[in-house]
Structures are given as structure tokens and as C-alpha cells.
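Tertiary structure, described
Chain by chain, the residues run as shown.
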Amino acid sequence: MPYDLGATVRLTGECRDPGGALATAATAVVTVTLPDGTTVTPAATETGTSGTYQADYVTTLPGRHSVRWLWTQPAAAYTDVFDVQEETPPAILSLADARAHLNQRDSRDDEEIRFWNTATTRVVEYYVGPVVARTITEEHQVRRAAAVVLLHTPVLEVTAVASLLTGAVPYDVAELGVDGASGEVYRLDGGRLSGRLRFTYRAGRTIVRPNITGAARIILEHLWRTQRAGRRGGLAGGGEDYSVTEPIPGLGYAVPNRALQLLEPDRLPPGVA
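Residues numbered from 1 in each chain as written. Predicted model: local features only at pLDDT ≥ 70, side-chain atom pairs only at ≥ 80, totals over all residues. Heavy atoms only, no water.

Observations concerning the overall build of the protein chain
For the protein chain, the count of helices and strands is four helices and 13 strands. Looking at the protein chain as a whole, 36% of its 273 residues qualify as buried. Contacts spanning at least 24 positions in sequence make up 67% of the contacts within the protein chain whose residues lie at least 6 apart. With the model as given, the accessible surface of the protein chain reaches about 15,100 Å², and the carbon-plus-sulfur share is 51%. (Helix = DSSP H or I, 4+ residues; strand = E, 2+ residues; numbered from the N terminus. Buried < 20%, exposed > 50% of the residue type's maximum accessible area, 1.4 Å probe, protein only. Contact = heavy atoms within 4.5 Å. Areas by Shrake-Rupley, 256 points an atom, 1.4 Å probe, with all protein chains shown as cover.)

Some words on the sheet that holds strand E10 (residues 155-163)
The three strands are arranged E8-E13-E10 in an open sheet whose pairing can be described as antiparallel. The sheet terminates laterally at strand E8 (134-145) and E10, the two strands that pair on one side only. Each adjacent strand pair in this sheet contributes to an overall mean axis angle of 30°, direction not counted. Note that E8 and strand E13 (residues 193-203) share 10 bridges and pair antiparallel. Its bridge partner lying in E13, Arg134 is registered against Ala203. (Pairing = 2+ DSSP bridges. Axes fitted to C-alpha atoms, helices over the stretch in contact; angles between N-to-C directions.)

A closer look at the sheet that holds strand E9 (residues 147-149)
Reading across the sheet, the three strands line up as E9-E12-E11 and stay open at both edges, with antiparallel pairing between neighbours. Two strands lie at the open edges of the sheet, namely E9 and strand E11 (176-179), each paired on one side alone. In this sheet, neighbouring strand axes are inclined to one another by 20° on average, regardless of whether the strands run parallel or antiparallel. For E11 and strand E12 (residues 184-187), the ladder comprises four bridges, and the chain directions are antiparallel. Across the sheet, the residue bridging to Val178 is Val185, located in E12.

A look at the pattern of salt bridges
Using the criterion set out here, one finds 12 salt bridges in the structure. Of the charged contacts, one joins Asp83 and Arg64 as a salt bridge, the two residues approaching to 2.5 Å between their closest N and O atoms. Taken together, the positions of Asp83 in strand E7 (residues 76-84) and Arg64 in strand E6 (residues 63-72) put the pair 19 residues apart, joining distant regions of the chain. For Asp83, a relative accessible area of 28% translates into the label partly exposed. Overall, Arg64 belongs to the partly exposed group, its relative accessible area being 49%. Between Glu139 and Arg196 there is a salt bridge; the shortest N-O distance is 3.5 Å. One end of the pair, Glu139, is in strand E8; the other, Arg196, is in strand E13, and 57 residues separate them in sequence. Of the residues examined, Glu139 reaches a relative accessible area of 39% and is grouped as partly exposed. Residue classification places Arg196 among the partly exposed residues on the basis of a relative accessible area of 32%. (Salt bridge = Lys/Arg side-chain N within 4 Å of Asp/Glu carboxyl O.)

What follows is the structure, given as C-alpha cells:
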């Protein structure tokens with residue numbers, strides 16, 4: 001499961017000799033490669049078990065990290081990866097709501113619930129655009145256009161428009177209008193937009209309607225059912241609400257029919273993200 005940004009990751013590795021037996025090494029080095037390409041080498045120590053090593057690393061960047069263990073005498077190596085989620089990962093449902101909907105009465109499976117809750121949010125937003133408000137930055141090449149259509153809707157506000165070409169005149173956001181539903185940005189004086197422009201804006205919803213949270217609950221429970229069906233204590237059964245009769249382009253059988261019906265009133269038109 002992804003780690004929270006700022007959390008400590010305990011890295012573990014086993015040094016084995018050519019015969020596969022655990023062995024104490026002369027040296028042990030673990031290197032963590034961060035998403036930006038930089039590396040760190042936290043101190044590695046042998047635990048109470050011969051040949052078993054660990055190191056603690058405090059996360060500083062979100063994204064995929066790679067881990068490389070190297071030992072000498074005997075020569076051995078081991079590679080692994082871990083993910084760190086962004087500081088405020090989007091989630092339509094709170095952990096408490098997700099846990100209650102899944103009838104999980106303790107915190108034993110919280111990390112797993114958080115993972116599937118984030119995945120559920122991604123699926124819902126595939127259909128209706130951003131639900132959780134966030135800041136988005138994107139670039140557009142504009143050639144004397146009456147309006148620029150931003151990629152993610154609904155748009156709450158445009159906070160900055162920067163001209164990226166040398167000598168270009170920047171645009172003051174106070175002189176721009178925005179259609180939140182369509183994502184169209186236009187000049188209030190009726191003039192044209194032009195240039196290589198970087199837009200910074202906030203997209204999402206300040207009020208999340210019950211049909212969206214209801215669909216999120218159904219999708220979350222569907223994903224929870226499918227990956228825990230064989231476990232003791234997992235949710236069992238099916239039912240009309242969790243039926244999936246046709247694969248969805250790009251998502252396969254991840255979305256039950258009932259969830260699609262609930263999302264239909266807010267579904268994005270084709271070609272809109």
C-alpha cells in the first residue's frame with residue numbers, strides 16, 4: 001500500500017549466499033532512488049536474525065521510489081519499489097464513511113480501505129471530472145482564439161495565466177472570464193487569446209451531490225468484494241446493485257451498473273476530462 005508523505009518506511013532485505021542460506025555480509029548498503037532521480041542511502045543494520053537487514057527512510061517526495069540492496073562477502077543484491085502518495089490524496093469518501101459502508105468495525109484494514117477508496121475516487125472522476133477540489137496546471141498553444149477550453153471540469157476559478165514565450169504580454173486573470181461547466185476561458189473585453197500559455201486553476205466541486213457519493217460507495221464495495229471474496233470475514237453475495245453486465249472501455253468490469261446509473265446526471269460529454 002502507498003505510504004503517506006512524511007511517514008517512515010522500514011526497508012528490509014535478506015542477504016543470502018549462493019546456496020540460498022541467510023548469511024551475515026561484510027558490508028550492506030541500501031540506496032533509495034526518489035521520483036526526481038536523486039538518491040539517498042539510509043543506514044542499514046542487521047537485525048537479530050543473521051542475514052536479515054533493515055533501514056528506516058523518512059519520505060520527502062510523492063511518487064514511485066526504487067530500493068536497491070547490495071551486500072559483499074557474500075555478494076548479493078535485491079531490488080524493490082514502494083509508492084508515496086501526495087500530501088492530500090483525493091478521496092470522495094472519508095475513511096470513517098468508507099469503513100462504515102464496508103461494515104468494518106475496527107482499524108485493522110484501514111490502509112487497504114484507504115487504497116481502494118482512492119482508486120474509487122479515480123474511477124468516479126473518470127466519468128464526472130474532478131470531484132475533490134484541487135489545483136491543476138496545464139499548457140496550451142493558442143493561436144488567436146476567442147476562448148481556451150481547459151481540460152478538467154468543472155472549473156472553480158482560474159488563478160494565473162502565464163505567457164511562456166520571451167517578450168509575450170501576460171494576461172491578468174481579473175480581465176478573464178470562465179465558464180465553470182465547459183471550462184472555457186475568454187477575455188472579458190471580447191479580444192483574442194494567443195501564445196504559449198500556462199493556466200493554473202482550481203477544478204472540482206464545493207458540494208458533492210448524493211448521487212456521486214452513492215456511486216462511490218457502490219464502486220468501493222464492488223472492488224472490496226472482488227478482491228476479498230475468498231477471505232474469511234469478507235463480503236459475500238452479489239445482487240443487482242453490484243452486477244456488471246458489460247465491460248466499460250478503459251475500466252473493464254470495475255464499475256457496477258447501478259453506479260453508472262447514479263453518475264449519469266453528472267457524466268461528462270464525450271471528449272471532456
